[in-house]
Amino acid sequence: MILVLTYHKVLGGPSPDSEFYTIQAEQLERHLELLAQSGLHALSPEQLIGFEPPSQGAYILTFDDGTVDHYEVALPLLERHKCCAVFFVPTAKLDSPGYLTSKRVAEMSRAGQTIGLHSHEHRRMDELGEEDLRAQMQRSRQIIGDLTGKRPAFFAPPGGYIDRRVRDIALESGIRVIRTMRWGYNQKPDYAALE
């Protein structure tokens with residue numbers, strides 16, 4: 001079984017931001033402590049890509065939307081707990097206020113974190129025509145590849161909206177792991193539709 005834990009904003013202090021997926025740094029730190037005590041194995045993105053089935057229960061951490069707190073708040077916590085994660089970055093938002101900079105994405109990659117595709121413009125992909133779908137994937141892959149020096153292999157569709165077309169185009173473009181937003185346990189993982 002593989003648990004995929006998905007986070008969005010991780011705030012360093014009190015905030016009026018009450019989005020469903022927003023948590024405080026203390027909560028993330030507590031999650032990391034509980035995971036360390038749980039007996040679950042921390043699965044690196046490389047192990048998941050290598051399709052090495054864990055001998056025991058495992059987990060992988062993911063962060064969506066490429067917000068600045070991923071570098072300023074989440075990354076130091078991950079480093080302190082010796083954890084790796086996949087950061088899904090909508091590339092059109094890079095270098096915009098409140099979002100990661102290109103430089104920080106490159107630094108995170110060099111620090112051992114994995115940068116995954118979250119489309120280029122963070123649009124609902126299951127509503128796009130095939131040409132737009134391919135353009136969103138291609139542009140995002142190009143930018144992330146240029147920043148990290150690596151071919152991105154992870155993809156999370158914005159909002160979790162995915163259909164067979166989105167899945168097929170992602171896989172055709174070289175994606176090896178697709179993280180959905182469906183709730184569940186990956187008892188027998190489908191790497192093209194991780195829950």
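These remarks concern the structure in this document. (Residues numbered from 1 in each chain as written. Predicted model: local features only at pLDDT ≥ 70, side-chain atom pairs only at ≥ 80, totals over all residues. Heavy atoms only, no water.)

**Concerning the overall build of the chain**
Inference 1: Assigned secondary structure in the chain consists of 6 helices and 9 strands.
Inference 2: In terms of C-alpha radius of gyration, the chain reaches 16 Å, essentially the compact-globule figure of 16 Å for 195 residues.
Inference 3: Here the C-alpha coordinates of the chain stretch approximately 45 × 40 × 30 Å along the principal axes.
Inference 4: A separation of at least 24 residues holds for 62% of the contacts in the chain among residues at least 6 apart in sequence. (Helix = DSSP H or I, 4+ residues; strand = E, 2+ residues; numbered from the N terminus. Rg over C-alpha atoms; globule rule 2.2 N^0.38 Å. Contact = heavy atoms within 4.5 Å.)

**Some details on the pattern of salt bridges**
Inference 1: If you walk through the whole model with that rule in mind, you get 12 salt bridges.
Inference 2: The partner of Arg123 in a salt bridge is Glu121, with the nearest N and O atoms 3.1 Å apart.
Inference 3: Residue classification places Arg123 among the partly exposed positions, given a relative accessible area of 33%.
Inference 4: In this structure, Arg165 and Asp163 form a salt bridge, with 3.9 Å as the shortest nitrogen-oxygen distance.
Inference 5: Each of Arg124, Asp126 and Glu127 takes part in a single network of salt bridges with overlapping partners. (Salt bridge = Lys/Arg side-chain N within 4 Å of Asp/Glu carboxyl O. Buried < 20%, exposed > 50% of the residue type's maximum accessible area, 1.4 Å probe, protein only.)

**Quick notes on a nonpolar patch on the surface**
Inference 1: Taken together, the side chains of Phe20, Tyr21 and Trp183 define a hydrophobic patch exposed on the protein surface, amounting to about 430 Å² of accessible area.
Inference 2: By the element assignment, Trp183 lies in the segment after β9 (177-178). (Patch = residues over 30% accessible without salt bridge, like charges linked within 9 Å, V, L, I, M, F, W, Y side chains within 5 Å. Areas by Shrake-Rupley, 256 points an atom, 1.4 Å probe, with all protein chains shown as cover.)

**Topic: the packing of helix α3 (residues 69-80) against helix α4 (residues 102-110)**
Inference 1: The contact between α3 and α4 brings their axes to 10 Å, and the two run at 25°. In terms of their interaxial angle, α3 and α4 are classed as roughly parallel. When the axes of α3 and α4 are compared, the crossing they make is left-handed. Where α3 approaches α4, its residues His70, Tyr71, Glu72 and Leu75 are matched on the opposing element by Arg104, Glu107 and Met108. (Axes fitted to C-alpha atoms, helices over the stretch in contact; angles between N-to-C directions. Parallel < 35°, antiparallel > 145°, perpendicular 65-115°, else oblique. Left-handed = near helix turned anticlockwise from the far one by under 90°.)

**Overview of the nonpolar core**
Inference 1: In this structure, Leu28, Leu61, Phe63 and Phe155 are the most contacted members of the largest nonpolar core, which totals 38 residues.
Inference 2: Sorting elements by how many residues they give to this core places α3 first, with 5 residues.
Inference 3: What Phe63 contacts, discounting residues up to four positions off in sequence, is Tyr7, His8, Val10, Leu28, His70, Ala74, Leu78, Ala85, Val86, Phe87 and Phe88.
Inference 4: Ile2, Leu43, Leu48 and Val177 belong to the second-largest nonpolar core, a separate cluster that totals 15 residues. (Core = buried A, V, L, I, M, F, W, Y, C linked by side-chain atoms within 4.5 Å.)

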